[in-house]
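# Descriptive structure summary
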Amino acid sequence: MQLNKQDKLKQKVAIKALDYIVPNSYIGVGTGSTVNFFIDALASRKNDILGAISSSEESTKRLKNIDVDVFDMNEIDAISVYFDGADEVDENLSLTKGGGGALMREKIVAALADKFVCIVDKSKLVTHLGGFPIPIEVVPMARSAIARYLVKKYQAEPVYRSGYKTDNGNVILDVHCLDVSNPEQVERELNQIPGLVCNGVFYQQSADIVLIADENTVVVKEHQNF
């Protein structure tokens, strides 16, 4: 299949991410189009790892299709590296994630991994988070109440992701026009809303390393660079 320009960048950064695999360990694998390229590339290194912990049913199926053993979080003691993409990446390596709807499991695996390697193409780099709608996972009975609260408190514009349920049986609100100039505060405040299960601001679980593909190379950014 012929890849378009952006998919070529996704494939490039996914292949580069293989350099960060820790042999004879369990790795975490996220969800999304760039991660799909990573899983394809992982087929060449699958014998170097003990297995994977997946953030979604979709990624689990893809991993099993290349004969990678997928484990439940409760079955293992440690995750060496978590590989995942992002919707946005700022200069401090804080992220917004959840466009694919797997944000809660992604945040859990990111929190438990020794290192979080985020793989993106250059289009994901932003000066300030929030241009991309912030997904939040909510229990169904609280959806309308939470939406009204977000409008009142933040003057935001939550949009129900109609017809979609997360792997956890919850629903998603995509929150437009939310001020995320202080991601630490926004993530903390959203977490206090009753019925809100998880939000797509990844400040506490920001990336340790971000690999960024452009037409010429893959740029590596780490926290100590800032």
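Residues numbered from 1 in each chain as written. Predicted model: local features only at pLDDT ≥ 70, side-chain atom pairs only at ≥ 80, totals over all residues. Heavy atoms only, no water.

## A few points about unusual backbone geometry
Counted only if it meets this: Each helix corresponds to a stretch of at least 4 residues labelled H or I by DSSP, and each strand to a stretch of at least 2 residues labelled E; elements are numbered beginning at the N terminus. Working definition: with a 1.4 Å probe on protein chains only, accessible area under 20% of the residue-type maximum means buried, over 50% means exposed, and in between means partly exposed.
At Asn24, a position not held by glycine, the phi torsion is positive, near 60 degrees. Looking at where Asn24 falls in the secondary structure, it is placed in the loop between helix H1 (5-17) and strand E1 (26-29). For Asn24, a relative accessible area of 60% puts it in the exposed group. Unlike most non-glycine residues, Leu93 shows phi in positive territory, near 70 degrees. Considering the arrangement of structural elements, one finds Leu93 in the loop between strand E4 (88-89) and strand E5 (95-96). The buried category is assigned to Leu93, whose relative accessible area is 1%.

## Brief notes about the pattern of salt bridges
Let me state the cut-off plainly: Think of a salt bridge as a Lys or Arg side-chain nitrogen and an Asp or Glu carboxyl oxygen that are within 4 Å of each other.
Tallying each qualifying case throughout the model produces eleven salt bridges. In this structure, Glu57 engages Arg105 in a salt bridge whose closest nitrogen and oxygen atoms are separated by 3.4 Å. One end of the pair, Glu57, is in helix H3 (residues 57-65); the other, Arg105, is in helix H4 (residues 103-112), and 48 residues separate them in sequence. Between Lys107 and Glu187 there is a salt bridge whose closest N-O contact spans 2.8 Å.

## Some details on the sheet that holds strand E9 (residues 171-176)
Short version of the rule: By this definition, two strands are paired if DSSP reports at least two bridges between them. Only C-alpha atoms enter the line fits that serve as axes; for helices the fit covers just the stretch in contact. Angles between N-to-C directions range over 0 to 180 degrees. The contact definition used throughout considers only heavy atoms, calling two residues in contact when any of these lie within 4.5 Å.
If you walk across this open sheet you meet the four strands as E8-E9-E7-E10, and the pairing is antiparallel. Sheet topology places strand E8 (157-160) and strand E10 (196-199) at the edges, where each strand pairs with a single neighbour. This sheet shows a mean twist of 30 degrees between the axes of neighbouring strands, independent of strand direction. Pairing of E8 with E9 involves four bridges; the strand directions are antiparallel. Bridging from a neighbouring strand, Val159 pairs with Asp174 of E9. Each of strand E7 (134-138), E8, E9 and E10 is contacted by helix H5 (residues 143-154), which is oriented at about 15 degrees to E9, the strand it contacts most.

## A closer look at the packing of helix H2 (residues 33-42) against H3
Defined as follows: Geometric relationships in this document are graded by angle, where less than 35 degrees denotes roughly parallel, more than 145 denotes roughly antiparallel, 65 to 115 denotes roughly perpendicular, and other angles denote oblique. Each helix crossing is assigned a hand: it is left-handed if the near helix lies turned anticlockwise from the far helix by less than a right angle, otherwise right-handed if that turn is clockwise. Only Asp, Glu, Lys and Arg are considered charged in this grouping, and only Ala, Val, Leu, Ile, Met, Phe, Trp, Tyr, Cys and Pro are considered nonpolar; every other residue, Gly among them, is considered polar.
Where H2 contacts H3, the axes come no closer than 9 Å and their chain directions differ by 20 degrees. Of the possible angle classes, the one that applies to H2 and H3 is roughly parallel. With respect to the hand of their crossing, H2 and H3 are arranged in right-handed fashion. Residue-level contacts link Val35, Asn36, Ile39, Asp40 and Leu42 of H2 to Glu58, Ser59, Arg62 and Leu63 of H3. Of the residues that constitute the contact of H2 with H3, the class distribution is four nonpolar, two polar and three charged.

## Looking at the nonpolar core
Note on soluble globular proteins: their nonpolar side chains tend to be buried together. Rule in force here: Throughout this description, the term nonpolar core refers to a set of buried Ala, Val, Leu, Ile, Met, Phe, Trp, Tyr and Cys residues connected via side-chain atoms within 4.5 Å.
Residues Ile27, Val29, Phe38, Leu42, Phe83 and Leu211 are the most contacted members of the largest nonpolar core, which totals 28 residues. Elements supplying a minimum of two residues to this core: H1, E1, H2, strand E3 (79-84), strand E6 (113-121) and strand E12 (209-213). Here the element with the most residues in this core is H2; it accounts for six residues. Ignoring any residue separated from it by four or fewer positions in sequence, one finds Phe83 in contact with Ala17, Tyr20, Ile21, Ile27, Gly28, Val29, Gly30, Val35, Phe38 and Val117. Grouped together as the second largest cluster of nonpolar side chains are 20 residues, Val138, Ala142, Leu173 and Val180 included.

## Notes on the sheet that holds strand E2 (residues 51-54)
With mixed pairing, the six strands of this open sheet are ordered in space as E2-E1-E3-E6-E12-E13. Two strands bound the open sheet, and with one partner strand each, they are E2 and strand E13 (218-222). Averaged over all pairs of adjacent strands, the angle between strand axes in this sheet comes to 20 degrees, irrespective of strand direction.

## Focus on the side chain of Thr60
Along the chain, Thr60 falls in helix H3. Judged by its relative accessible area of 15%, Thr60 is buried. With residues near it in sequence (within four places) discarded, Thr60 still touches Ser54 and Val70.

## Structural notes on the packing of aromatic side chains
The cut-off we apply is this: Each Phe, Tyr or Trp ring, with Trp reduced to its six-membered ring, pairs with another whose centre is within 6.5 Å; inter-plane angles below 30 degrees give stacked pairs, above 60 give edge-to-face pairs, and intermediate values give tilted ones. By the criterion adopted, a ring carries a charge over it if an Arg CZ or a Lys NZ lies within 6 Å of its centre and within 35 degrees of its normal.
Evaluation of the coordinates by the stated rule reveals three aromatic pairs. When the centroid spacing of 5.2 Å and the interplanar angle of 80 degrees are considered together, the rings of Tyr26 and Phe71 count as edge-to-face. Placement of the pair is Tyr26 in strand E1 and Phe71 in the loop between H3 and E3, with a sequence separation of 45 residues. Aromatic pair Phe38 and Phe83: ring centres 4.6 Å apart, planes at 25 degrees, arrangement stacked. Of this pair, Phe38 sits in helix H2 while Phe83 sits in strand E3, and the two are 45 residues apart along the sequence. Look at Phe83 and you get buried, because its relative accessible area is 0%. The ring centre of Phe202 lies 5.5 Å from the NZ or CZ of Lys97, which sits over that ring.

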